[in-house]
Amino acid sequence: MDKISPQGYRRIATEEGWITKELMDRYQALLERGDHGDPGFQSLWGFFGRSPSQRARDLLERIQDMDARRIADMDATGIDMQLLMLTSPGVQMFQPDEAVALAASSNDQLAETIARYPTRFSGLAAFAPNAPEAAAQEIERGVKKLGLKGALVNSHTQGKYMDDAFYWPIFEACEALDVPLYIHPNTPSPQMVEPFLSRCLDAAIYGFAAETGLHVMRLIVSGLFDRYPRLKIVLGHLGEGLPFWLSRMDFMHAGIVRAGRSPGALPLQRKPSDYLRENFYYTTSGMAWEPAITFVQQQMGFDRVMYAMDYPYQYVAEEVQAMDALPLTPEQKKMFFQTNAERIFRL
Ligand code: MN
């Protein structure tokens, strides 16, 4: 843990994807049957799981390799450690019993991978949101028994959002264990995906941010963070666009509450932007762009923004070099690449 790289900081990449063979086989079976009811899943994994294109075949190899190839890719780009998370949509395509079993099995496999490369890998626990009590137990097992550093959810679960009280045991567990919940994107839910699909906008190009941003706004205005004030949420992709909206979301939310416009929008203890500033952390996954990173650092705090690559979807060596060249003090750069992640995930 105390190895210091030549540049003066360790590069920890905090949103890096992987998948088990078992889960990939189930995805293929779902695609084969075609009766899963999620057009976003069909679009995403119909491409990456089945397309003969070079892009899809490379990704499929990289995302399943937990040994030499992944380590070689990390070495080639100067990544010291990956924080691993089960790629989207994880176990959330499956009914509760199956999802619970798949989450446990993938967490066991993740712990084995980390044990083989303890200085190169760390990870977050998958869980089945549609079985909240079992999910809470699995998060606790993942953290306490397997040494995982928090939990991970891929936005909606079969069109359901976690602002419903049904999901409270999950937040309760994260708060009690004092570990972060990473809310990673999924393709837009079946209710909203159609206009994205016909122009191939459903995934990382834009749909992920629209879906995940909506999910987070639902959590905030539901009062979730008044109920669980110590909850820590991590968002990728520089906050899915939300940091750009801070001023307008506060103005409009105040007006909605004042007018009593909707029973779904009740008063909050803090402004919406306060929750995003105080309960949330941000990673740069796939957003290696200086003006956007600088904006989020300035608005949310240099101690809340962490580096992520989004391997293997955005495996680009030049982006790491661009991040090395960010206009930061040596201390800020070390926070960005290393010490924020060590503190927030207790690495
Ligand atoms: Mn990602």
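Above: the structure in question.
Engineer: Break down the overall build of the chain for me, with residues and values.
Structural biologist: The secondary structure content of the chain amounts to 16 helices and nine strands. In summary, the chain has a C-alpha radius of gyration of 19 Å against a globular reference of 20 Å for 347 residues, a match within 12%. Taking the principal axes of its C-alpha atoms as reference, the chain extends roughly 60 × 55 × 45 Å. Residues counted as buried form 56% of the 347 residues belonging to the chain. When contacts within the chain are restricted to residue pairs at least 6 apart in sequence, those whose partners lie at least 24 apart make up 77%. By element, 55% of the accessible surface of the chain is carried by carbon and sulfur atoms, the whole surface being about 14700 Å². Of the side-chain charges in the chain, 35 are positive and 43 negative, and the distance between the mean point of each set is 3 Å.

Engineer: Outline the sheet that holds strand 7 (residues 233–235), listing residues and values.
Structural biologist: In space, the six strands of this open sheet follow the order 4-5-6-7-8-9, with parallel pairing throughout. This sheet does not close on itself; its edge strands, each paired only once, are strand 4 (125–126) and strand 9 (305–306). In this sheet, strand 8 (residues 280–283) lies alongside strand 7 in parallel orientation, the contact comprising three bridges. If you follow L235 over to strand 8, its bridge partner there is Y282.

Engineer: Account for the coordination of the manganese ion, naming residues and giving values.
Structural biologist: Summarising the metal site, the manganese ion is bound by the protein donors E15 (OE), H184 (NE2) and D310 (OD), whose distances to it range over 2.0 to 2.3 Å. In terms of primary sequence, the donors binding the manganese ion are separated according to E-x168-H-x125-D. Of the two residues, E15 sits in strand 1 (residues 12–18) while D310 sits in the loop between strand 9 and helix 15 (317–324), which places them 295 residues apart along the sequence.

Engineer: An account of the nonpolar core is needed here, citing residue identities and associated values.
Structural biologist: With 100 residues, the main nonpolar core has W45 and L276 as its most contacted residues. In this structure, L276 is in contact with V216, I220, L242, L246, M249, Y282 and M300, ignoring residues within four places of it in sequence.

Engineer: Mind laying out the environment of S285, listing which residues take part and the relevant values?
Structural biologist: Looking at where S285 falls in the secondary structure, it is placed in the loop between strand 8 and helix 14 (290–300). By relative accessible area, which is 0% here, S285 ends up buried. Sequence separation between S285 and L235 is 50 residues; the distance between their C-alpha atoms is 9.3 Å. In this view, S285 contacts E15, Y182, G236, H237, A308, M309 and D310; residues no more than four positions away in its chain are not counted. Within polar-contact distance, the side chain of S285 engages the backbone nitrogen of H237 at 2.8 Å.

Engineer: Would you mind going over the pairing of strand 2 (residues 81–86) in detail, with residue names and values included?
Structural biologist: In terms of residue burial, strand 2 counts as a mostly covered element, since six of its six residues are buried. In this structure, strand 1 lies alongside strand 2, joined through five bridges in parallel fashion. Counterpart to G17 in the pairing with strand 2 is M85. As paired strands, strand 2 and strand 3 (residues 121–123) are joined by three bridges and run parallel to one another.

Engineer: Now, about helix 1 (residues 21–33): what can you tell me, with residues and values included?
Structural biologist: Across its 13 residues, helix 1 extends 18 Å between first and last C-alpha, which sits within 8% of the 18 Å expected from 1.5 Å per residue. Buried residues of helix 1: L23, M24, Y27, L30 and L31, and no others. Looking down the long axis of helix 1, one finds its buried residues gathered within 115° of arc, a one-sided arrangement. The exposed residues of helix 1 that point more than 90 degrees off its buried face are K21, E32 and R33. Elements that come into contact with the buried residues of helix 1 comprise helix 2 (39–48), helix 3 (54–64), strand 2 and helix 5 (96–116). Once helix 1 finishes, G34 follows within two positions and takes phi at roughly 75°, a positive value.

Here is what the cut-offs are and how they apply
For every chain, the first residue of the written sequence is number 1, and numbering continues from 1 along that sequence. Totals for whole chains, interfaces and linings use all residues, but because this is a predicted model, local features are given only for residues with pLDDT of at least 70 and pairs of side-chain atoms are given and counted only at 80 or more. With hydrogens and water stripped out, all remaining heavy atoms of the structure feed into the side-chain values. Counting from the N terminus, the helices are the DSSP runs of H or I reaching at least four residues and the strands are the DSSP runs of E reaching at least two. C-alpha atoms define the radius of gyration in this analysis, and the globule rule sets the expected value at 2.2 Å times the number of residues to the power 0.38. Exposure classes here rest on a 1.4 Å probe applied to the protein chains alone. A residue is buried below 20% of its type maximum, exposed above 50%, and partly exposed in between. The contact criterion used is simple: two residues touch if any of their non-hydrogen atoms lie within 4.5 Å. The Shrake-Rupley method, run with a 1.4 Å probe sphere, supplies the accessible areas, and residue values consider only the shown protein chains as cover. Only four residue types enter the charge count: Lys and Arg as positive, Asp and Glu as negative, with His and the chain ends excluded. Note that the charge is assigned to NZ on lysines, CZ on arginines, CG on aspartates and CD on glutamates. By the convention used here, strands pair only if DSSP detects at least 2 bridges between them. Metal coordination here is assigned from N, O and S atoms located within 2.8 Å of the ion, or within 3.2 Å for Na, K and Ca; omission of water means that sites may look incomplete. Here, nonpolar core refers to any group of buried Ala, Val, Leu, Ile, Met, Phe, Trp, Tyr and Cys residues whose side-chain atoms link them within 4.5 Å. The term polar contact refers here to a pair of N or O atoms within 3.5 Å; inside protein, the definition further demands a hydrogen-donor-capable atom paired with an acceptor-capable atom, and it admits residues adjacent in sequence only when both atoms are side-chain atoms. Here, expected helix span is obtained from the residue count minus one, scaled by 1.5 Å. Working definition: the arc comes from the directions between the helix axis and the C-beta atoms, pointing outward to the latter.

Nothing here speaks to function; it is all geometry.
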